[in-house]
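Chain by chain, the residues run as shown.
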Amino acid sequence: MKSPQTSMDSPLYNYFGPRPEGEIQPREVKREPSARIARARQLYFDTKSSASVEFPYWYTRKWEELDGEITMVRRAEALKSAFSHITPTIFPGELLVMGKAHYLRGSYPMPWLSEAYFMAQEDEMYKEALEAGKISADKVTTMGQGGGNVTKSTGNVLSIAGKFGLRKEEMPVLLQIARKWFNKSVDDVGHKYEQLVPGYKEKEEIMRAVICMFDSGYTLPQGREVMNYYYPLQFGIEGIRKICKEKMQETAGYPDMDRMYFYKAINIMLEGLQSWIRNHAGEARFMASLEKDETQAAEYLDMAGRLDWLAENPPRTFHDALQLVWIFHVAVLNEDAISGLSPGRLGQVLYPYWKRDVENGILNRERTLELLECMRMKFTELDCFASMGVVGGVLSGNTFNNLCIGGLTKDGNSAANELEMLILESAITNDNPQPTLSLLYDEKLPDEFLYKGIECTKIGTGYPAWVNNRVAMDFLLNNYKNEGMGLEEVRAWSIGGCLETSPGSWMPLELDGVVHYIPGGSAPATSVGVHFISLPKVLEAVLFDGLDMRTGRRVYPSHGLKLESYDLVWEAFQKYFSLTVEVLTLTNNIQHDIWGKISPSIINSMLKPDCLETGKDISRKGSRYNRTFNVEICGGVNLVNSLASIRKNVFEDQNFTLDTMRKAIVENFGYIPAPETGSYSLTEQRKTNDYGNWLKIHKQCLDAPKYGNSDQYVDSIFKEWQEWFSAMCENYRSIYDEPLYSCQISVSTHGPMGAVTMATPDGRLGGTTFSDGSVSAYPGTDKNGPYALFTSASCYNHALSQNSQLNMKIHPSAIQGREGARKFLELIKAYLRKGGFHVQFNVVDSRMLKDAQEHPENYRGLMVRVAGFTQYWVELGKQIQDEVIARTEYTTI
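Residues numbered from 1 in each chain as written. Predicted model: local features only at pLDDT ≥ 70, side-chain atom pairs only at ≥ 80, totals over all residues. Heavy atoms only, no water.

### Quick notes on the sheet that holds strand 16 (residues 629–634)
Across a sheet, strands are paired by hydrogen bonds formed along the backbone, either parallel or antiparallel in direction. The strand order 15-16-17 describes an open sheet built from 3 strands, whose pairing is parallel. The open sheet has two edge strands, strand 15 (528–534) and strand 17 (741–743), and neither has a second partner. Taking each pair of neighbouring strands and ignoring which way they run, the sheet shows an average axis angle of 25 degrees. With 3 bridges connecting them, strand 16 and strand 17 associate as parallel partners. Bridging from a neighbouring strand, Val631 pairs with Ser742 of strand 17. Of the strands in this sheet, strand 16 and strand 17 touch helix 31 (residues 712–729), which is tilted by about 130 degrees from strand 17. (Pairing = 2+ DSSP bridges. Helix = DSSP H or I, 4+ residues; strand = E, 2+ residues; numbered from the N terminus. Axes fitted to C-alpha atoms, helices over the stretch in contact; angles between N-to-C directions. Contact = heavy atoms within 4.5 Å.)

Okay, structure coming up:
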C-alpha cells in the first residue's frame, strides 16, 4: 500500500525566515499597458503556436531549380525566393510589423538542417532514425499543457513537437519537402561523416542515455549571440548593396574567389528582403483602403510609407530605426534555426535617434513607451521551431532575446541613459517574457538607474537579471586577447541568449554629422559546441562501471576500478567526463563544418564585423572574434553534493559501503521513481513498502554537507570542480582551431536530464529535477540564508567561465516598500562585489505557484524565472514547474 504524498510542509521543503500565513500575497509592483497593447496582449493569449510550410516550400523549390550553382549563391537565391513569398500579414493596432511567418505566433521547420524528425513515423527509410540516440531527449521531456502550446492533435490541426499546430492539409507538403532533403540535410550529411570519429560508438550511447542533450551543429547552429544593427542603420539596404557591388568588382578573378560569391550572395539576399518589406507596405495600403476608422487608416498609410522608405534607405526617425532593427532581427531568425538571438544594448544603439526626435519635438515619453511596448509584443510573439527535446527540454518554448542595459561606454563611463529607463518602464507596464532584460552592473551606474532596475525586478517576472560587468570583461579579455581585444573594445560586450557572455565592438554611427559609437555583437554564436553534459548522469556511470542504469546499456568502456577511495571516484569521473567532451567536440566540429558548407549564414554574416570587409562568412572566420565554442554542463551542484556525500559517508565516517549506496540508488531510497508519480521535486514523492529499509541511509545522504551554506567542506569540492572543469576545456579545439571554454547554464535541461537519472548520493530521488543554474543551491538545502549562499557561490573565480547562474526566490513581503527596495539593492551589490557573475530572482509567494499548478485557467498571465529566461507558467512543463515551486523561498533578507 502506497503512503500518502509528502507535502510542502514536510522537512524536504524549506523556507528561510517565517512561513507566510493568511492570504496569498501578490507581487508589489503592477502597472497596466496602453489600451493598444492590452488588446494586442489578449490577442496573443488567444493565439496558438502555429507551423507554416510556406517558407520551406519556396526555399526548397528554388534550391532544386539551381542544382549545380555555387552553394553560397544557391542558398541566397533560395532565401530570396522564400522571403519574397511570405504572405504579408498586419494585425490591427500594430506600430511595428512583420514576423517569421504569416501567423501571429508562427514558425516553420527547416528540413535543410534536419528532416528526419518529420519523417520518422511516416516513412520506412526513417525507422532507424526513430531509435537514434539523438531523439532520446524528446521522450523524457514534458511540455507545458496550457497557453499557446498545441500539445495534442485535434480536428484539422496536427500537434508537432508538443507545441506547434500544423493544418492537416499541409502535412503532405511538409513530408514531400522533407523527402527532398533526405541524405542532403546538415543532419544527414554530418551524421555520415561523424561516424568516422574514433569513439563514435560512445557518442551515440552518450546521446541515447541523455548524458548530452542535443547536437548543436544542425539543431541550433546559430544564436546565443548578439545582433549588430550598424550596417543597415548607417547605410540602409541600398547602401549595403552598393558596397557589395563594388566589392564584387574588386574581388572578381582574384585569389580567394569565395569572397566574390559571398558579396553576390548578400546582394541577392537583400533583394529578397526588399521584396518582403515592400509586400508588407502593399498590404498596409490595402488594409488602409478597407479601413473605416480614420485613425487606423492613417496608421496603415504611415506604416506603408515607412516600409517603402526602409526598403532602400537608412532610418529617418526613432520609429524608423526601431522598425528597421526589427526587420533585420527577424531576417536573421528566418535564415536558420536560432534561439538566443539577442538585441544586445539596444537602448544605447537607438539613443541618438530617440534623443534627436525628443529634442525636435516629434517624440514624447508616452509615444516612446507605446513603441517599446509594441516591441515587447513582437519579441514575445517569436517562436523557434525544433524537436520536443529542444523546444521543451531546453528552451521551454522561449527564444531568449536578451536586451541589455547599463554597462560602460567606449570611454569607460556609465552607459545608462533615459531611453533605457523607459525600456525598464515598458517592461513593467507590458510584462511579457520577451525581450528579457539583463542589467550590466557596474559601480559607475547611477543610483536612480539601479533603483529603476529594482522596481522592475519587483514585478516578479525575473528581469532584469543582474550581471557583473567587470567579471564579464575579465572573461572576455582572457579569452579574446589573442584576437586583438583590448580594454576599450571589451566594454562593448553584451549577453547573447539567456546568459552567454558575448564579445562586441564599437561601431561609428554618423547622424547629422556627429559620430556616435554604438555597441554591437562582433562574434558568431558564442554557445555552440558540446551542449549540456549531465554531470550526475556521468557520476552514475562511474558508480556502475560505465552502464546507464535506466536502460542497462553500456555507455563507456569499463573502468574496472573498485573505487576504494574518494580520489579514485574523482579520477574515474574525470576520465569519463573527458571522454565525453572529446568525442562530442570532434563530432560537433564535423556537424558545424557541414553546416557551413550546406547552409552558410548570409544575413547574419553580413551584419557581423568584419565579414563584409573581408568577404568571409562566419563559418570561414569572417567575424572579428571567433573563439566561441564551449562546453555546457547541467546538474553541477548535484554532482558536488553527491561527491561530498560519498567522501563523508563512505570513506570518512564509513556510515555505509559504496556497494550499499549503489543498492540504495537502485532502490531509489525506498521511493517510487518520479516519472511514475508525475512529481519531479523532492517535496512530493511516494514511498514504497521497502522505504524503511533505506530510511537511515537516505537521511545520512540528505544530512551530508550541502553546497550553499558557507560550508568549507563541500565548497572546497565545488571550487576544485570549477577550476578543473574550466582548465580541461582548453584541451579541446573547435572547428576554428580555437580552444573551448566552460559554460554553466541549465536553461530547462535540468528537467529532462533529471528524469533519466537514477537517485544520486546527495539524497536526490530518481527522475526528479536537478538543481537549476550553476551556483543555485539544490531546492531546500540552503538553510543559512542568502549571504551564506553568496559565500559558497563566490568560492571560485567566476571569470574562469563564460558565465555562472544564480537563481533565488524571494517572498514579496521581504522587499516591500522603499526600505525593502534599499535592502534588495544592497543584497544584490553584496553578491556582485564578492565576485559573483549573475543573480536573478523570482519574487513570488510559492503558494501562488502551487495554486497556479492546480488551477492554470486562473493564471494565464503569470510568469516566472526559470534559468536565464522568463516564461508563462502555463507554458512550462511540469518538471520545471515542480522545481521552481520547490526552490527555497526567502521570506527575509
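### A closer look at the domain arrangement of the protein chain
Along its sequence, the protein chain is carved into domain 1 (14–23 + 529–565 + 584–600 + 626–890) and domain 2 (45–213). The distance between the C-alpha centroids of domain 1 and domain 2 comes to 31 Å. Contacts between the two partners involve 39 residues from domain 1 and, on the opposite side, 39 residues from domain 2. Buried area between domain 1 and domain 2, both sides added, is near 3200 Å², and the carbon and sulfur share of it is 66%. Taken together, the links from domain 1 to domain 2 amount to 2 salt bridges. Where Glu875 meets Arg105, a salt bridge forms, and the shortest distance between an N and an O atom there is 3.2 Å. The tally of links between domain 1 and domain 2 comes to 9 residue pairs in polar contact (both at pLDDT 80 or more). Broken down by secondary-structure element, the contributors of at least two residues to the side of domain 1 that touches domain 2 are strand 15, helix 23 (535–543), helix 24 (566–598), helix 32 (750–755) and helix 36 (878–886). Element by element, the count of residues in the side of domain 1 that touches domain 2 is highest for helix 24, at 9 residues. (Domains from an automatic or database assignment. Buried area = accessible area lost by both parts, 1.4 Å probe. Salt bridge = Lys/Arg side-chain N within 4 Å of Asp/Glu carboxyl O. Polar contact = N/O pair within 3.5 Å; in protein donor to acceptor, adjacent residues only side chain to side chain.)

### Details of the sheet that holds strand 19 (residues 838–843)
Read across the sheet, 7 strands follow the order 1-22-18-19-10-9-8 without closing on themselves; strand pairing throughout is mixed. Because the sheet does not close on itself, it has two edges, and the strands there are strand 1 (15–16) and strand 8 (402–406). Across 4 bridges, the pairing between strand 9 (residues 436–441) and strand 10 (residues 465–468) is parallel. Each residue of the ladder has a partner; that of Ser438, found in strand 10, is Ala465.

### A short note on the pairing of strand 14 (residues 514–521)
Here strand 13 (residues 504–511) pairs with strand 14 via 8 bridges, running antiparallel. Among the inter-strand pairings, Gly504 is bridged to a residue of strand 14, identified as Gly521. Between strand 13 and strand 14, which pair antiparallel one after the other, the connecting turn spans 2 residues, and Asp512 there sits at a positive phi close to 55 degrees.

### A closer look at the pattern of salt bridges
A full pass over the atoms with the stated rule returns 60 salt bridges. Of the charged contacts, one joins Arg61 and Glu65 as a salt bridge, the two residues approaching to 3.8 Å between their closest N and O atoms. Residue Arg61 and its partner Glu65 are located together in helix 2 (residues 54–65), separated by 4 residues, close to a single helical turn. Here Arg306 makes a salt bridge to Asp320, at a shortest N to O gap of 2.9 Å. In this pair, Arg306 sits in helix 13 (residues 294–310) while Asp320 sits in helix 14 (residues 318–335), placing the two residues 14 residues apart along the sequence. Salt bridges sharing partners connect three or more residues here, namely Arg105, Lys163, Asp383, Arg860 and Glu875.

### With respect to the packing of helix 3 (residues 71–84) against helix 14
Between helix 3 and helix 14, whose axes approach to 11 Å, the crossing angle comes to 120 degrees. When the interaxial angle is binned, helix 3 and helix 14 end up oblique. The crossing of helix 3 and helix 14 is right-handed. Between helix 3 and helix 14, the contacting residues are Arg75, Leu79 and Phe83 on the first element and Ala331, Asn334 and Glu335 on the second. (Parallel < 35°, antiparallel > 145°, perpendicular 65-115°, else oblique. Left-handed = near helix turned anticlockwise from the far one by under 90°.)

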